[in-house]
Amino acid sequence: MAFDISTVAGQGTENLDSGSSLPFIRILQDLSPQLKPQKDEYVEGSKSGDLFFAKTQSIVDQPAEIIPCYTKSIYTEWVPRSKGGGFKGNHPLSIVSHPDYEKGRERQYDEWLGENELKFTTYWFVLLKLNGTWEQAVIPFTSSQLRVSRKLTTDINRFRYDGMDVVPPLYAQAWKLVSVLETSKNGDDYFNFGFEEPRVLDFETDEETLTLASETYNTASDTPLLQTSEQPKLVADSAVHF
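Because the structure is a prediction, the values reported are computed rather than measured.

1. Remarks on the overall build of the protein chain
Here comes step 1: A count of helical and extended segments in the protein chain gives 2 helices and 11 strands.
Here comes step 2: Starting at the N terminus and ending at the C terminus, the protein chain contains elements arranged as β-β-β-β-β-β-β-β-β-α-β-β-α.
Here comes step 3: Considering the protein chain as a whole, with its 242 residues, one finds that 46% of them fall into the buried category.
Here comes step 4: Carbon and sulfur atoms form 48% of the exposed surface of the protein chain, whose accessible area is close to 13,400 Å².

Structure, rendered in structure tokens:
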């Protein structure tokens, strides 16, 4: 029996904004501890530009196949590194209305809440093809990565099924995930995410995958990773240090 796409029309796209032990997918950079033999996090044979899957503590071959299932943007609060660093908590986007919110204190676009830094973060919950099996994973986008997230948002919003008057769900397509070498305005090289060669999932041959993607969408919003206070406020003084 074919997957009935009309039952999930537009699912996941309502959060598309055109503007650890968790299953994160990250890109290893020159200073990543996974590249340093003296660090506990060292991964033998790893190099800058590798995709690292935190759940398995392993390198993912590129291009990796992923299916975006859910996305949401929030603010994360951090103690500055000069004061010891550490994660403080999550805030809704409305935190910018808090009287202690400040923008451009030290750099043109930096954001602050009192003495702590705020980072605008977009999380993409995806399915990752790993050894022939789909694994649930999360890709966090901050800073220069947000440009890639916005482009993916635009590409997904533009997609429509041929000959069907149904808004596709967020997970209508599978993508190839790669790392791309870029250069900052300061002339520093770094690796960013890239999404290539979208493949439309077939309602019949990919029925089980579409069902799993729908289930991932339905559960992602409840993850503690995305929980924020209903009213913008400063979080408690205790910090979780890494």
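We are not done yet, so read on.
2. So, the packing of aromatic side chains
Here comes step 1: In this structure the tally under the stated criterion is 9 aromatic pairs.
Here comes step 2: Relative to Phe 125, the ring of Tyr 70 lies with its centre 6.0 Å away and its plane at 75 degrees, an arrangement referred to as edge-to-face. Within this pair, whereas Tyr 70 is found in strand β4 (residues 64-78), its partner Phe 125 is found in strand β8 (residues 116-130), the two being separated by 55 residues in sequence. Each member of the pair, Tyr 70 as well as Phe 125, carries the same accessibility label: buried.
Here comes step 3: Relative to Phe 120, the ring of Tyr 75 lies with its centre 5.6 Å away and its plane at 85 degrees, an arrangement referred to as edge-to-face.

3. Comments concerning the nonpolar core
Here comes step 1: One finds Ile 67, Tyr 123, Phe 125 and Tyr 171 to be the most contacted residues of the largest nonpolar core, which totals 29 residues.
Here comes step 2: Within the residue set of this core, elements represented by two or more residues are β4, β8, β9 (133-141) and α2 (207-220).
Here comes step 3: Not counting chain neighbours up to four residues away, the residues in contact with Ile 67 comprise Phe 125, Val 126, Leu 127, Trp 134, Tyr 171, Gln 173, Ala 174, Leu 201 and Thr 209.
Here comes step 4: Counting 24 residues, the second-largest nonpolar core is a separate cluster that includes Ala 64, Phe 141, Leu 152 and Phe 191.

4. Concerning the confidence of the model for the protein chain
Close inspection of predicted coordinates is inappropriate for parts of the model with low pLDDT.
Here comes step 1: Taken over all residues, the pLDDT of the protein chain has a mean of 85, while the share at 70 or more is 86%.
Here comes step 2: Mean pLDDT in the protein chain bottoms out at strand β5 (residues 87-91), which sits at 86, and peaks at strand β10 (residues 173-183), which reaches 96.
Here comes step 3: Within the model, pLDDT remains below 50 along residues 230-242, and this stretch shows 27 contacts once partners closer than five positions in the same chain are excluded.

5. Some words on α2
Here comes step 1: Its 14 residues place the ends of α2 20 Å apart at the C-alpha level, agreeing with the 20 Å of an ideal helix rising 1.5 Å per residue.
Here comes step 2: Turning to α2, its buried residues are Thr 209, Leu 210, Ala 213, Ser 214, Thr 216, Tyr 217 and Ala 220. The arc that holds the buried residues of α2, viewed along the axis, is 160 degrees, so those residues lie on one side.
Here comes step 3: Buried residues along α2 sit in contact with β4, β8 and β9.

6. Here's the deal with the environment of Leu 113
Here comes step 1: By secondary structure assignment, the location of Leu 113 is in strand β7 (residues 111-113).
Here comes step 2: When the C-alpha atoms of Leu 113 and Val 96 are compared, they prove to be 8.7 Å apart, with 17 residues separating the residues in sequence.

7. Brief notes about the pairing of β8
Here comes step 1: With 12 of 15 residues buried, β8 lies mostly within the body of the structure.
Here comes step 2: The pairing of β4 with β8 spans 12 bridges and is classified as antiparallel. Bridging from a neighbouring strand, Trp 78 pairs with Glu 117 of β8.
Here comes step 3: In this structure, β7 lies alongside β8, joined through 3 bridges in antiparallel fashion. Of the residues in β8, the one forming a bridge with Trp 112 is Glu 117.
Here comes step 4: The hairpin formed by β7 and β8 contains 2 residues between the paired strands, and Gly 114 there has a positive phi angle of roughly 65 degrees.
Here comes step 5: By the bridge criterion, 9 bridges tie β8 to β9 in an arrangement that is antiparallel. Among the inter-strand pairings, Leu 130 is bridged to a residue of β9, identified as Thr 133.

Each value, and the rule that gives it
Residues numbered from 1 in each chain as written. Predicted model: local features only at pLDDT ≥ 70, side-chain atom pairs only at ≥ 80, totals over all residues. Heavy atoms only, no water. Helix = DSSP H or I, 4+ residues; strand = E, 2+ residues; numbered from the N terminus. Buried < 20%, exposed > 50% of the residue type's maximum accessible area, 1.4 Å probe, protein only. Areas by Shrake-Rupley, 256 points an atom, 1.4 Å probe, with all protein chains shown as cover. Phe/Tyr/Trp six-rings, centres within 6.5 Å; stacked < 30°, edge-to-face > 60°. Core = buried A, V, L, I, M, F, W, Y, C linked by side-chain atoms within 4.5 Å. Contact = heavy atoms within 4.5 Å. pLDDT = per-residue confidence, 0-100. Expected span 1.5 Å × (residues − 1). Arc of directions from axis to C-beta. Pairing = 2+ DSSP bridges.

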